[in-house]
Amino acid sequence: MGQDEFFFLLMGLKWTVALSAIGFVCGCVAGLGIALARTSGVPLVERITAGYIALFQGTPLLMQLFVVYYGLALVGIKVDAWAAVSVGLTLHASAYLGEIWRGAIEAVPRGQTEASKALALGYVSRMKDVVLPQALRISLPATIGFLVQLIKGTSLASIVGFTELTRAGNIISNQIFQPLTVFGIVGILYFVMCCPLTIYGAHLERKFAASVR
Amino acid sequence: MSDISTTKATADAMISMTGVAKWYGAFQALNDINISVRKGEKIVLCGPSGSGKSTLIRCINHLEAYQQGEIRVGGILLGHQAKSIDAVRREVGMVFQQFNLFPHLTVLQNCMLAPMRALGLGKAEAEGRARQLLERVKIAEQAEKYPAQLSGGQQQRVAIARALCMRPQVMLFDEPTSALDPEMVKEVLDTMIDLAREGMTMICVTHEMGFARQVADRVIFMASGAIVEEAPPAEFFSDPKHERTRKFLGEILGRH
Ligand SMILES: Nc1ncnc2c1ncn2[C@@H]1O[C@H](COP(=O)(O)OP(=O)(O)OP(=O)(O)O)[C@@H](O)[C@H]1O
Ligand SMILES: [Mg+2]
C-alpha cells in the first residue's frame with residue numbers, strides 16, 4: 001500500500017471525525033432538549049419524548065440512516081449524503097444522550113431541587129446552576145461511552161454511499177487487493193480514536209466513584 | 001375562602017394557615033390545620049414520625065401543594081400560581097435535615113447563588129452579604145471550601161447562612177440537628193438560638209426539647225396529620241392535656 005492510498009484513508013478518517021463531531025455536537029444540543037422534556041413533569045411532553053427515545057433505541061442505526069436518506073428524497077427534499085447522514089446521526093445521538101442525561105438528572109438528589117426551590121430559584125436557574133452541573137458530572141462516563149459508539153457507528157454511513165473511513169478502506173482494498181493490510185490500518189485508526197476516550201471514561205468513572213464515597 | 005373574622009384575626013400574622021388540608025393520593029396527610037404565627041414568634045413543632053410535621057412546613061413554601069384551605073405568609077396569599085409561590089419563597093428560608101448544600105459550589109457560592117439569581121443582586125453585593133452572614137454563623141474562614149470538606153455541623157450552619165442571605169422574614173427548620181453527630185448538635189442549636197434572639201420568626205420541627213424550652217413561644221404537637229395540642233413550653237411539658245401528648249413526651253423525654 002502506497003502513500004496515495006494511505007492519504008485516501010486519511011481523507012476518509014477526516015470525514016469520520018467530522019461526522020462524529022457533527023452527530024455528537026448536534027446530538028448534545030438536541031439531547032439536552034430531550035432530557036429536559038423527558039423530566040419536565042408535564043405528562044404529555046414526557047410521554048412523547050419517551051416514545052421518541054424508544055423509537056431510536058429500538059431500531060438499528062442503519063435503518064435510521066436509510067429512512068432519513070431515502071425518506072427525505074421520497075418527500076422531494078434533495079440532500080447530500082453527508083447532510084442526510086448528519087441528520088440521521090443527530091437524531092440517533094439525541095435519543096441516546098437524552099436518555100443518558102434523563103437518568104443523570106434523576107440521579108441528582110431530590111434535596112438539591114428542593115433546596116433551590118426553597119431559595120426561590122426559577123426553573124432555568126435551578127437547572128443551569130444546580131441540577132445540570134451535577135447531572136453532567138454523573139453522566140460523563142456514559143456520555144463518553146456513547147461517543148465511542150457513535151464514532152464506530154459512523155461506519156454505517158458507508159452504506160448510503162458516503163466515503164468515510166470504512167468506505168475509503170473498502171475502495172482501497174478493492175483496488176490493491178490487500179484487504180488484511182488495509183482493514184488492519186482502518187482498524188488501527190478507529191482504535192486510536194476510540195481507545196483514549198474509553199480510557200478517559202473509565203478514569204472519570206473511578207474518580208467519580210471515589211469522590212462519592 | 002375564610003370568613004371576615006378569621007381574616008381580621010390573621011391580618012397581622014406573619015404566617016397563617018386556615019383550614020389547610022393535604023392528601024397524598026387517597027392518604028390524608030394534613031387535616032384542618034389552623035395556625036397563626038405572629039412576627040418574631042418562635043414555634044416548635046413536634047410529634048411522632050409520620051404525623052405530618054414535614055408536610056406542614058413544606059406547605060408553607062409550597063414544596064408540597066395543599067388542596068384545601070388558605071396559607072398566607074407576610075400578607076401574601078400562597079396560591080398555586082408560580083407568581084405567588086415565588087413571592088412567598090423569597091420571604092421564607094428553609095433549613096433541611098440533610099443540609100442540601102450544593103456540592104459543586106463553594107460555601108461562598110452556595111450563599112451567593114440565590115440572591116443573585118432570585119433577587120437580582122450584583123456579584124459584589126451578594127458576596128458582601130454572604131461573607132457577612134457566614135461571619136454571623138461563625139464560619140467565615142471556610143468560605144472558599146466545598147461542602148464535602150466541612151463537618152456536618154459546619155454544613156448546617158452554612159445552610160442557615162445560605163437561607164439568611166435571602167433576608168427572609170420567616171425561617172423554617174425541618175429537624176436541622178437530626179442528621180448530626182451528637183457533638184455537633186450544640187453549635188447548630190446555638191446558631192438557631194442567636195437567630196431567635198435577633199427576632200426572627202421561626203417554625204422549627206425538632207425533638208430537641210431543651211431548645212423548645214429555651215426558645216419557643218409555643219409548642220405545637222401533631223399526630224396523624226392534625227394539631228392535637230398547642231401550649232407555651234412550660235405548660236406543654238409540665239401539664240400536657242392530651243393522652244397522646246403525654247405518651248409522646250414520655251417516649252421522647254425518657255429517651256434523653
Ligand atoms: N411524597 C409522599 N407520598 C405519599 N405519602 C407521603 C409522602 N410524603 C409523606 N407521606 C406520608 O405522609 C405522612 C406525613 O409525612 P411527614 O413526612 O410529613 O411526617 P413527619 O411528621 O415529618 O415524620 P418524620 O418525623 O418521620 O419526619 C406520612 O405517613 C408519610 O408516609
Ligand atoms: Mg419529617
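This text goes with the structure placed above it.
Residues numbered from 1 in each chain as written. Chains lettered and ligands numbered in written order. Predicted model: local features only at pLDDT ≥ 70, side-chain atom pairs only at ≥ 80, totals over all residues. Heavy atoms only, no water.

Student: So, the overall build of chain A: which residues are in play, and what are the values?
Tutor: Helix and strand counts for chain A stand at eight helices and zero strands. Taken from the N to the C terminus, the helices and strands of chain A come in the order α-α-α-α-α-α-α-α. For chain A, the C-alpha atoms occupy an extent of roughly 70 × 45 × 25 Å along the three principal directions. For chain A, buried positions account for 41% of its 213 residues. Considering only residue pairs separated by 6 or more positions, chain A has 75% of its internal contacts joining residues 24 or more positions apart. Carbon and sulfur atoms provide 70% of the accessible area of chain A, an area that totals close to 10900 Å². (Helix = DSSP H or I, 4+ residues; strand = E, 2+ residues; numbered from the N terminus. Buried < 20%, exposed > 50% of the residue type's maximum accessible area, 1.4 Å probe, protein only. Contact = heavy atoms within 4.5 Å. Areas by Shrake-Rupley, 256 points an atom, 1.4 Å probe, with all protein chains shown as cover.)

Student: How would you sum up the site of ligand 1? Please name residues and give values.
Tutor: All names here are of chain B. Close to ligand 1 lie Y24, F27, A29, P48, S49, G50, S51, G52, K53, S54, T55 and E175. The contact in question runs from an oxygen atom of ligand 1 to an N or O atom on the backbone of G52, over 3.0 Å. A total of 640 Å² of accessible area belongs to ligand 1 in isolation, and the protein chains cover 60% of it. Within the residue set of the shell around ligand 1, elements represented by two or more residues are β2 (27–38) and α2 (53–60). Broken down by element, the residue count for the shell around ligand 1 peaks at three residues, all from α2. Residues of the shell around ligand 1, tallied by class, amount to four nonpolar, six polar and two charged. (Near = heavy atom within 4 Å. Polar contact = N/O pair within 3.5 Å; in protein donor to acceptor, adjacent residues only side chain to side chain. Nonpolar A, V, L, I, M, F, W, Y, C, P; charged D, E, K, R; others polar.)

Student: Please give an account of the interface of chain A and chain B that cites residues and values.
Tutor: Of the residues lining the interface, 16 residues belong to chain A; the matching set on chain B comes to 21 residues. Here chain A meets chain B over a buried area of about 1500 Å², counting both sides, of which 64% is carbon and sulfur. For the pair chain A and chain B, the interface holds two salt bridges. Linking chain A with chain B are six residue pairs in polar contact (both at pLDDT 80 or more). (Buried area = accessible area lost by both parts, 1.4 Å probe. Salt bridge = Lys/Arg side-chain N within 4 Å of Asp/Glu carboxyl O.)

Student: Report on the sheet that holds strand β3 (residues 42–46) of chain B, specifying residues and quantitative values.
Tutor: All names here are of chain B. With respect to topology, six strands assemble into an open sheet ordered β6-β7-β8-β3-β9-β10, the strand pairing being mixed. In the strand order of this sheet, the two ends are held by β6 (92–95) and β10 (226–231), each with one partner. The average undirected angle you get between the axes of adjacent strands in this sheet is 20 degrees. Each of β6 and β7 (170–174) touches helix α6 (residues 152–164); the most contacted strand, β6, lies at about 170 degrees to it. (Pairing = 2+ DSSP bridges. Axes fitted to C-alpha atoms, helices over the stretch in contact; angles between N-to-C directions.)

Student: I'd like a rundown of the nonpolar core, residues and numbers included.
Tutor: Where a protein is soluble and globular, its nonpolar side chains tend to be buried together. Ranked by internal contacts, the top residues of the largest apolar core, which has 79 residues, are M17 and L56 of chain B. For this core, the element with the highest residue contribution is helix α6 (residues 123–153) of chain A, accounting for nine residues. Those residues within four positions of L56 of chain B in sequence are excluded, and the remaining contacts are M17, L30, I33, I35, L45 and M222 of chain B. Counting residues in each nonpolar core, the second largest holds 53 residues, with V44, L134, M171 and F237 of chain B among its members. (Core = buried A, V, L, I, M, F, W, Y, C linked by side-chain atoms within 4.5 Å.)

Student: Could you give an account of the packing of helix α4 (residues 107–118) of chain B against α6 of chain B, with specific residues and numbers?
Tutor: Residue and element names in this part refer to chain B. Between α4 and α6, whose axes approach to 8 Å, the crossing angle comes to 25 degrees. Accordingly, the angle class assigned to the pair α4 and α6 is roughly parallel. Crossing angle aside, the handedness with which α4 passes α6 is right-handed. Here α4 contributes V107, N110 and C111 to the contact with α6, which in turn contributes V158, A161 and R162. (Parallel < 35°, antiparallel > 145°, perpendicular 65-115°, else oblique. Left-handed = near helix turned anticlockwise from the far one by under 90°.)

Student: Kindly report on the packing of aromatic side chains, identifying the contributing residues and their values.
Tutor: Residues and elements named next belong to chain A. Applying the stated criterion across every chain, the model contains seven aromatic pairs over all chains. Taking 4.9 Å as the distance between ring centres and 50 degrees as the angle between the ring planes, the aromatic pair formed by Y52 and F56 counts as tilted. Of this pair, Y52 and F56 both sit in helix α2 (residues 43–57), four residues apart, roughly one helical turn. Relative to F146, the ring of Y96 has its centre 5.4 Å away and its plane inclined at 15 degrees; by these criteria the two rings are stacked. Note that Y96 is positioned in helix α4 (residues 81–107) and F146 in helix α6, a separation of 50 residues in sequence. Given the relative accessible area of 25%, Y96 is considered partly exposed. Of the residues examined, F146 reaches a relative accessible area of 7% and is grouped as buried. Grouped by ring-pair contacts, the aromatic residues F66, Y69 and Y70 constitute a single cluster. (Phe/Tyr/Trp six-rings, centres within 6.5 Å; stacked < 30°, edge-to-face > 60°.)

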